[in-house]
Amino acid sequence: MNVPFVDFREQYHAIKDKVDVGLKKVFEDGSFILGPQEKAFEEDFARYCGTQYAVGVNSGTDALYLAMLALDIGPGDEVIVPTFTFIATALCVSYTGAKPVFVDIEDQTCNIDPARFEAAVTRKTKAVIPVHIYGQPADMKEINAIATKHKIAVVEDACQAHGAMYNGKKTGALGDIACFSFYPTKSLGAFGDGGMVVTGNKSLYEKTLMLRDYGRAGRYDHKIKGHNSRLDTVQAVVLAAKLPLLDQWNKMRNDVAAHYGKLLKGAEGVVTPAIQKDRTHVFQTYAVRVPGRDKISDAMKTKGIVALIHYPVPLHLQEAYADLGHKMGDFPVSERIAKEILSLPMFPHMKKDQVEYVCTTLKELLGSKEKAIR
Ligand SMILES: *Cc1c(COP(=O)(O)O)cnc(C)c1O
């Protein structure tokens, strides 16, 4: 059996009719960038998150970058980020001339460790970027309390966690400003690049609106040196068709995760994801820990299963950040997890027999005997 890492064909079929009609209208009207459908999708998405404002941009990376600029972050400033994340979380800081300050993560959730975040705060710290890694929110109560105490901004990197909840609130509404990606493999994926900045703060909203559109206040009235980073109308039509199905798809991801969890219970050495009591997990990624990870993932490929690694090298050990002078041993939790973590195939319409094949194969490769299920 072949099991791809993701397969979104059934998602496409579920929205095809709506998208066909919507796109035809865009093509007929010729309103390709920031058209009325884009504005409507911003409103839908803000409402979905339970926040007031949303600004459609080019990508998740740009959402993070523009959020940094909206907060006036620049040279001389520091922004605290987990070292175990996708590199865009740190690049957005570097683009502004500020310094990303890496901190280690919690072993259980792979999210930023609030105590280590607080220990890294200096007089230069302007913001923290908790990443809701794999689809489970970071410990936002702790993070917000520390941030308030030190008067620093909280920027959610929600690029993997559309629709996840923390204490009854959705991601996007858990900090001062939040950033989403609509890269095609994300839980809410466009048919190209796209992103969104979400906030409840009116002045951050107004600044982000200008930042994404050449600093414009009027057609040729440029208040600030803005950028060109806008969500196109074609992507907005696709995303608007998908948004009403997101909760259902997240539920289907949870069902796949539960099936994995049941079948992998007792598999020797395998650690399945731990969900904290006060949160929901949307399983953008289903990441387990396995001993001998590299060999296992190669062997799975020969059995037709695509498993990926998110992420094999923490940011402090990336060549791109050699200038910060970190070395192996600086962030031991991240370094250890980077060696053990393995993302198994995960998509809402994944079939039961696909999950079963992945688990049987993984257990065979680990040479583990199934323990009796109680
Ligand atoms: C995908 C992702 C990004 C970047 O989003 P793009 O749309 O690809 O630019 C940033 N942070 C995290 C955690 C991501 O997973």
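Position labels on residues start from 1 in each chain and follow its written sequence. Owing to the predicted nature of the model, reporting of local features is limited to residues with pLDDT of at least 70; listing and counting of side-chain atom pairs is limited to 80 or more, with chain, interface and lining totals taken over all residues. For side-chain calculations, the full set of non-hydrogen atoms in the structure is used, while hydrogens and water are omitted.

Overview of helix α2 (residues 36-49)
By definition, any uninterrupted DSSP run of H or I lasting at least four residues is a helix, any uninterrupted run of E lasting at least two residues is a strand, and each is numbered from the N terminus. To estimate the expected span of a helix, subtract one from its residue number and multiply by 1.5 Å. In this model α2 runs 20 Å from its N-terminal to its C-terminal C-alpha over 14 residues, within 8% of the 20 Å that 1.5 Å per residue would give. When accessible area is computed with a 1.4 Å probe and restricted to protein chains, residues below 20% of their type maximum are described as buried, those above 50% as exposed, and intermediate ones as partly exposed. Within α2 the residues assigned to the buried category are Glu38, Phe41, Glu42, Phe45, Ala46, Tyr48 and Cys49. Projected down its long axis, α2 carries its buried residues within an arc of 160 degrees, all on one side. In α2, the exposed positions angled more than 90 degrees off the buried face are occupied by Pro36 and Arg47. Buried residues along α2 sit in contact with β1 (53-57), β7 (169-170), β8 (177-181), β9 (195-199), α8 (233-242) and α9 (246-264). Immediately downstream of α2, the backbone of Gly50 shows phi near 80 degrees, a positive value. Each C-beta atom gives one direction from the helix axis, and the arc is the one those directions make. Residues count as neighbours in contact if any of their non-hydrogen atoms are within 4.5 Å of one another.

Side note on helix α7 (residues 202-211)
Those residues of α7 not exposed but buried are Leu204, Tyr205, Thr208 and Leu211. Down the axis of α7, the buried set is contained in an arc of 125 degrees. They therefore lie on one face. Lining the buried residues of α7 we find α2, β1, α3 (60-70), β8 and β9. Residues adjacent in sequence count toward polar contacts only when both atoms are side-chain atoms; beyond that, a polar contact is any pair of N or O atoms within 3.5 Å, and within protein one must be able to donate a hydrogen and the other to accept it. Among the residues of α7, the N-terminal cap falls to Asn201, whose side-chain oxygen and the backbone nitrogen of Ser203 are separated by 2.9 Å.

Let's talk about the site of the ligand
Neighbouring the ligand are 14 residues, the closest being Gly60, Thr61, Asp157, Ser181 and Lys186. One nitrogen or oxygen atom from the side chain of Asp157 is found 2.8 Å from a nitrogen atom belonging to the ligand. In this structure, Gln160 approaches the ligand through a side-chain N or O atom, which is 2.8 Å from an oxygen atom. The accessible surface values rely on the Shrake-Rupley method and a 1.4 Å probe; as for residues, cover is taken only from the protein chains in view. With the chains in place, 92% of the 380 Å² that the ligand exposes on its own is no longer accessible. When at least one non-hydrogen atom of a residue lies within 4 Å of a molecule or strand, that residue is treated as near it.

Observations regarding the side chain of His132
Secondary-structure assignment places His132 in the loop between β4 (125-128) and α6 (140-150). The contact partners of His132, leaving out residues within four places of it in the chain, are Asn111, Pro137, Ala138, Met140, Glu156, Asp157, Ala158, Gln160, Ala161, Thr171 and Leu174.

Considering the sheet that holds strand β2 (residues 78-82)
Being paired, for any two strands, means DSSP has found at least two bridges between them. Strand order in the open sheet formed by 7 strands is β1-β9-β8-β5-β4-β2-β3, with mixed pairing between adjacent strands. Edge positions in the sheet fall to β1 and β3 (99-103), since each has one partner strand and no second. Strand-to-strand twist in this sheet, taken as the mean axis angle between neighbours without regard to direction, amounts to 25 degrees. Each of β1, β8 and β9 touches α2; the most contacted strand, β1, lies at about 130 degrees to it. Orientation is described by axes fitted as lines to C-alpha atoms, over the contacting stretch for helices, and by angles from 0 to 180 degrees between their N-to-C directions. Packed onto the sheet, α6 meets β4 and β5 (153-157) and runs at close to 150 degrees relative to β5.

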